[in-house]
Amino acid sequence: MQQPFPTATKPRILVVGDIMLDRYVIGEVSRISPEAPVPVLAAKHEENRPGGAANVAANISAMGGNATLLAVVGEDSASAELETCLQRYQVTPLFVKDSQGGTTQKTRLVVGSQQIARVDRDVRPTLQTQQRLLDEYRRQVGDYDLVVLSDYAKGTLDKLPEFLDAAARLGVPTLVDPKRVTPELYRGAFLLKPNNSEFVGLFGAYGSDQELVAKASAAIESLRLEHLVITRGAKGMVVVSAGGRADFVPTRARDVFDVSGAGDTVLAALAMELSAKRSISDAVQRANIAAGIAVSHPGTYVVSEDEIEAEVNAFSHEHPKVLTEDQLKVALVNPRMHGKKVVFTNGCFDILHPGHVRLLKAARALGDILVLGLNSDDSVRKLKGPSRPINNFSHRAEVLAGLASVDYIVEFDAPTPLETIQYVLPDILVKGGDYPVADIVGYSEVTARGGQVIALDFHDGYSTTRIVDEINKTRKS
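Residues numbered from 1 in each chain as written. Predicted model: local features only at pLDDT ≥ 70, side-chain atom pairs only at ≥ 80, totals over all residues. Heavy atoms only, no water.

### What about the overall build of the chain?
Logical step 1: When helices and strands are counted, the chain shows 17 helices and 19 strands.
Logical step 2: C-alpha extents for the chain along the principal axes are approximately 95 × 60 × 40 Å.
Logical step 3: Long-range contacts, defined here as pairs at least 24 residues apart, represent 69% of the contacts in the chain between residues at least 6 apart.
Logical step 4: As presented, the chain carries roughly 21,400 Å² of accessible surface, and 49% of it is formed by carbon and sulfur atoms.
Logical step 5: Side chains of the chain carry 52 positive and 59 negative charges; the gap between the two charge centres is 2 Å. (Helix = DSSP H or I, 4+ residues; strand = E, 2+ residues; numbered from the N terminus. Contact = heavy atoms within 4.5 Å. Areas by Shrake-Rupley, 256 points an atom, 1.4 Å probe, with all protein chains shown as cover. Lys, Arg positive; Asp, Glu negative; His and termini not counted. Charge placed at Lys NZ, Arg CZ, Asp CG, Glu CD.)

This is the structure we're talking about:
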């Protein structure tokens, strides 16, 4: 098993894999060809972009990393054009030239925002060139903090186990984007990032989320992986780690323009976050944001660090304190990335009184962000009886949101906040009362991650039930 990454201000990341030149020929169609019933594209503009592993490297550089790209190209004009693209993103090219082959190219014909055709020129490196690439990799790999292996099954990484072995012997972690259906090829990788169809091809179909996690956990154990991150399009992402821990990250709602290169963006963001020693949960959340930006643009798109920060900040400014579960997960990404401690507490808070205010203020003082799990109306009824709550959820939430001590409020419908605690993953769990801390719901989950569970004293003389009883007595008299 590979060891965690070293810390670096600007991480040095080596990207190895199949690269391609993505050409876009953009124009207008106003007539049909007299030679055949096909549209005639009047070209107005041509654009070149880095594709495949080159797109991964460009994204890493744009996100603030120091990216070097090791790949095979031909001795042709396309390789020169690709090198110009990489210079634009300050990627260091380390090309192995194949005089017998060429550079893979994808040419897309585009009218407005609509792609009408694609012309592919796929080139596989010779066996001799593959060996030259592996030899160069072995000379270079020890100088980097992390290696990304971007495999498009076009020949560059046919010797993939040898690439993984060379990195493992030097303790350099590897992130792999797989395109092949032989699981053994990926043995010993630190992280494997298949999409849903690739996961099924590697490990078999699944009928439920529980079965997905079970298959992923078995793969992690048998292949000696640390993490499996599965991208599932509109269903978001799933991360399963050694030890069986799993997290489901929903897709952020936004317009999807083009999914080309989204997987490259995810891989680049994961590499950047993990090289900075972020947790896998935070890394996946950040990658999710980056992917959302990428798919909202036409064609292969390079996402910058500034765009990601702007997206995170825009979300936190545009939304009130009362968030859905999905919104809360995104809102906590940035604070966690900056080392902020998240505190969680919960309750009905039916009639707010000084005891509540003091409890929340004390809880907030224990960390940097206070998340309040607020019982839904149905949950309150089940706990307190049919006459409660006195105030419905929206009214309770509005009052609590007015407190400076409360940063975020999230509704939960279950009898206990256990599921909420499991997706918030607080650093500190607080409950008001004289409970033994080991009996507080969420104790095992929080302490297992190194968090704290604290029971704060209630202030005597304050009780919602007592206030309700006093009101009822007054009415009867």
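### Some points on unusual backbone geometry
Negative phi values dominate among residues other than glycine, just as trans dominates among peptide bonds.
Logical step 1: Of note in the backbone geometry, R224 takes a positive phi value of approximately 55° without being a glycine.
Logical step 2: Of note in this structure, K277 is not a glycine but carries a positive phi near 65°.
Logical step 3: You can see K277 is positioned in the loop between α7 (262–275) and α8 (280–295).

### Digging into the nonpolar core
When a protein is soluble and globular, its nonpolar side chains tend to lie buried together.
Logical step 1: Residues V15, I19, I60, L69, V148, L175 and L270 are the most contacted members of the largest nonpolar core, which totals 51 residues.
Logical step 2: Per-element tally for this core: the top contributor is α8, with nine residues.
Logical step 3: In this structure, L270 is in contact with L175, L191, K193, V229, A283, V284 and A287, ignoring residues within four places of it in sequence.
Logical step 4: Residues A166, A167, V172 and L212 belong to the second largest nonpolar core, which totals 37 residues. (Core = buried A, V, L, I, M, F, W, Y, C linked by side-chain atoms within 4.5 Å. Buried < 20%, exposed > 50% of the residue type's maximum accessible area, 1.4 Å probe, protein only.)

### A short note on the pattern of salt bridges
Logical step 1: Counted by the stated rule, this structure contains 26 salt bridges.
Logical step 2: Taking the shortest distance from any N to any O, the salt bridge between D177 and K179 comes out at 3.6 Å.
Logical step 3: Owing to a relative accessible area of 31%, K179 belongs among the partly exposed residues under this scheme.
Logical step 4: One salt bridge in this structure joins D407 and R364, with 2.7 Å as the shortest N-O distance. Taken as a pair, D407 in the loop between α14 (393–401) and β17 (408–412) and R364 in helix α12 (residues 354–364) lie far apart in primary sequence, 43 residues in all.
Logical step 5: D407 sits in the buried class, given a relative accessible area of 18%.
Logical step 6: Judged by relative accessible area, which is 24%, R364 ranks as partly exposed.
Logical step 7: Residues participating in the shared-partner salt-bridge network are K106, R118, D120, D122 and K154. (Salt bridge = Lys/Arg side-chain N within 4 Å of Asp/Glu carboxyl O.)

### Things to note about the confidence of the model for the chain
Logical step 1: For the chain, mean pLDDT is 88; residues scoring 70 or higher make up 91% of the total.
Logical step 2: Mean pLDDT in the chain bottoms out at helix α17 (residues 464–476), which sits at 57, and peaks at strand β10 (residues 191–192), which reaches 98.
Logical step 3: Scored below 50 in pLDDT, residues 1–8 makes 23 contacts in the model with residues more than four places away or belonging to other chains. (pLDDT = per-residue confidence, 0-100.)

### Describing the pairing of strand β15 (residues 342–347)
Logical step 1: Within β15, six of the six residues are buried, which leaves the element mostly enclosed by the surrounding structure.
Logical step 2: Burial along β15 is two-sided: the face carrying V342, F344 and N346 and the face carrying V343, T345 and G347 are both buried.
Logical step 3: Bridge analysis of β15 against strand β16 (residues 369–375) gives six bridges, and the strand direction is parallel. The residue of β16 that forms the bridge with F344 is V371.
Logical step 4: Tracing the backbone out of β15, into α12 and back to the parallel element β16 gives a crossover that is right-handed.
Logical step 5: Pairing of β15 with strand β18 (residues 428–432) involves two bridges; the strand directions are parallel. Residue pairing for β18: V343 is matched across the bridge by I428. (Pairing = 2+ DSSP bridges. Right-handed = clockwise from strand over helix to strand, strands pointing away.)

### Details of the packing of α7 against α8
Logical step 1: Between α7 and α8, whose axes approach to 8 Å, the crossing angle comes to 145°. Seen from above, α7 lies across α8 with right-handed handedness. When α7 is examined against α8, the residues A262, T265, V266, A269, L270, E273 and L274 are found in contact with a partner set consisting of I280, A283, V284, R286, A287, A290, A291, A294 and V295.
Logical step 2: Within the contact of α7 with α8, the residues separate by chemical class into 13 nonpolar, one polar and two charged. (Axes fitted to C-alpha atoms, helices over the stretch in contact; angles between N-to-C directions. Left-handed = near helix turned anticlockwise from the far one by under 90°. Nonpolar A, V, L, I, M, F, W, Y, C, P; charged D, E, K, R; others polar.)

### A closer look at the packing of aromatic side chains
Logical step 1: This structure, assessed with the given rule, holds three aromatic pairs.
Logical step 2: The interplanar angle of 55° and the centroid separation of 4.7 Å between the aromatic rings of Y137 and F163 together place this pair among those described as tilted. With Y137 in helix α3 (residues 127–140) and F163 in helix α4 (residues 160–169), the pair connects residues that are 26 residues apart, well separated along the chain.
Logical step 3: Given the relative accessible area of 0%, Y137 is considered buried.
Logical step 4: With relative accessibility at 1%, the residue F163 sits in the buried group. (Phe/Tyr/Trp six-rings, centres within 6.5 Å; stacked < 30°, edge-to-face > 60°.)

### Considering the sheet that holds strand β14 (residues 322–323)
Logical step 1: Pairing within the open sheet is parallel, and its six strands lie in the order β14-β17-β16-β15-β18-β19. What marks the edges here is a single partner per strand, and that holds for β14 and β19 (452–456).
Logical step 2: Running over the sheet, α14 touches β14, β16 and β17 and is turned about 160° from β16.

### Overview of the side chain of K154
Logical step 1: Looking at where K154 falls in the secondary structure, it is placed in the loop between β8 (146–150) and α4.
Logical step 2: On the basis of relative accessibility, which here comes to 15%, the residue K154 falls in the buried class.
Logical step 3: Within the structure, K154 has its side chain in polar contact with the side chain of D122 (distance 3.4 Å). (Polar contact = N/O pair within 3.5 Å; in protein donor to acceptor, adjacent residues only side chain to side chain.)

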